[in-house]
Amino acid sequence: MLIGKKHFLTVGALAAALAIHAVPAAAQQKSVAVTAIVEHPALDAVRDGVQDALKQAGYESGKNLKWQYQSAQGNTGTAAQIARKFVGDRPDAIVAIATPSAQSVVAATKDVPVVYSAVTDPVAAQLVPSMGASGTNVTGVSDLLALDKQIELIKKVVPEAKRVGMVYNPGEANSVVVVKQLQDLLPKAGMTLVEAAAPRTVDVASAARSLIGKVDVIYTNTDNNVVSAYESLVKVGNDAKIPLVASDTDSVKRGAIAALGIDYHDLGVQTGKIVVRILKGEKPGAIPSETSSNLRLFVNPGAASKQGVTLPDALLKSAAEVVK
């Protein structure tokens, strides 16, 4: 009996020791929930960049990281539902990609850490009070571009342009900011802005057609409706011989003539590094918002030909990527 009891105690002690050693492993388990307003190449690249940064820091889905991703499929009501669901899950951080999703998540929680990404103007979108440390549960990375450089690119592609068309969703805060800035900046460059509203993705083609005969070039920012339906815009540009200049480099692969923009995978990696800091204990309110200065020029000579433009050799030579 004594031997049996001793054996029992030994097994019990071993089980207790194993349980103690299991605690640190369980404690390392982290949870990150990611949501985007819609799926298109730029926003998908942000999501993948975030995941790559987490993996590089040792956080891997299925091992020591619970990773969730949901797209709102372009619907702001769905974005709000996803936000409430994720907040209820109480992850260690929520990554909200693009302005509408970020606004939904920030409206849904004041304590779960939120890291926004691919938001043009987080202050105007009321995500943070300034680009400095917010003192709240929110921080992130903006994809704000210097519009003077965008205007320079428009003039290089279409030197005689006087009327610049822009298709955008008036319900998307980042696009409204760009419109207002262009209204101020274009006259200084001898140009004017002609707007065409596309409140829904299905409105993009008709909005573009409304610009035929009214504009010399169409400029597109990172408006999610427009980027999601970019092929319909390209068809109008090709058919009507209206040059398309973008700020989203992926749009050049889809038929824009040129874009001076951010590498969105890099933006995602930059965002992911902030998430890692939060997972390691930093407070989001102590981390200032960031921007990216890593701009790249993409050009598409084939698209230029279809849209009635010949690109200067200097522009082609300065491009980071020439799309064939």
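Residues numbered from 1 in each chain as written. Predicted model: local features only at pLDDT ≥ 70, side-chain atom pairs only at ≥ 80, totals over all residues. Heavy atoms only, no water.

Student: Teacher, can you tell me more about the confidence of the model for the protein here?
Tutor: Caution is warranted with low-pLDDT regions, since their predicted coordinates should not be read in detail. Summarising the model, the protein shows a mean pLDDT of 92, and 92% of its residues fall at 70 or more. Throughout residues 1-27 the model reports pLDDT below 50, and contacts reaching past four residues in sequence, or to other chains, amount to zero contacts. (pLDDT = per-residue confidence, 0-100. Contact = heavy atoms within 4.5 Å.)

Student: Looking at this structure, how should I read the nonpolar core?
Tutor: In summary, soluble globular proteins display a tendency toward joint burial of nonpolar side chains. Core analysis: the largest hydrophobic core is formed by 51 residues, its most contacted members being Val32, Leu54, Ile97, Tyr264 and Val275. A per-element tally of this core places helix α11 (residues 264-279) first, with seven residues. Not counting residues within four places of it along the chain, the set of residues in contact with Leu54 comprises Val32, Tyr59, Leu65, Trp67, Gly272, Val275, Val276 and Leu279. If you look at the next biggest cluster of nonpolar residues, it comprises 30 residues, including Ile154, Val178, Leu297 and Val309. (Core = buried A, V, L, I, M, F, W, Y, C linked by side-chain atoms within 4.5 Å. Buried < 20%, exposed > 50% of the residue type's maximum accessible area, 1.4 Å probe, protein only. Helix = DSSP H or I, 4+ residues; strand = E, 2+ residues; numbered from the N terminus.)

Student: Any chance you could explain unusual backbone geometry here in plain terms?
Tutor: With the exception of glycine, the majority of residues adopt a negative phi angle, and the majority of peptide bonds are in the trans configuration. In this model, Ala118 sits at a positive phi of 60°, which is unusual for a non-glycine residue. Here Ala118 is to be found in strand β4 (residues 114-119).

Student: Explain the sheet that holds strand β6 (residues 163-168) here, please?
Tutor: Adjacent strands of a sheet pair through backbone hydrogen bonds, lying either parallel or antiparallel. Ordered in space as β7-β6-β8-β9-β10-β12-β13, the seven strands form an open sheet in which the pairing is mixed. Only two strands of the sheet have a single partner each, and these edge strands are β7 (192-197) and β13 (321-322). In the packing of helix α5 (residues 147-157) onto the sheet, the strands contacted are β6, β8 (217-220), β9 (244-246), β10 (258-262) and β12 (295-299), and the crossing angle to β10 comes to about 160°. The strands touched by helix α9 (residues 230-240) within the sheet are β6, β8 and β9, with β9 carrying the most contacts at an inclination of about 145°. (Pairing = 2+ DSSP bridges. Axes fitted to C-alpha atoms, helices over the stretch in contact; angles between N-to-C directions.)

Student: Which parts of the structure should I look at to understand the packing of aromatic side chains?
Tutor: Evaluation of the coordinates by the stated rule reveals zero aromatic pairs. Its end group placed over the ring of Tyr69, Arg47 keeps NZ or CZ at 4.8 Å from the ring centre. (Phe/Tyr/Trp six-rings, centres within 6.5 Å; stacked < 30°, edge-to-face > 60°. Lys NZ or Arg CZ within 6 Å of the ring centre and 35° of its normal.)

Student: Looking at this structure, I do not really get the side chain of Ser104. What am I missing?
Tutor: Among the structural elements, Ser104 can be located in helix α4 (residues 99-108). A polar atom in the side chain of Ser104 sits 3.1 Å from the backbone oxygen of Pro100. Setting aside residues no more than four positions away along its own chain, Ser104 makes contact with Thr76, Ala79, Ala80 and Ala83. (Polar contact = N/O pair within 3.5 Å; in protein donor to acceptor, adjacent residues only side chain to side chain.)

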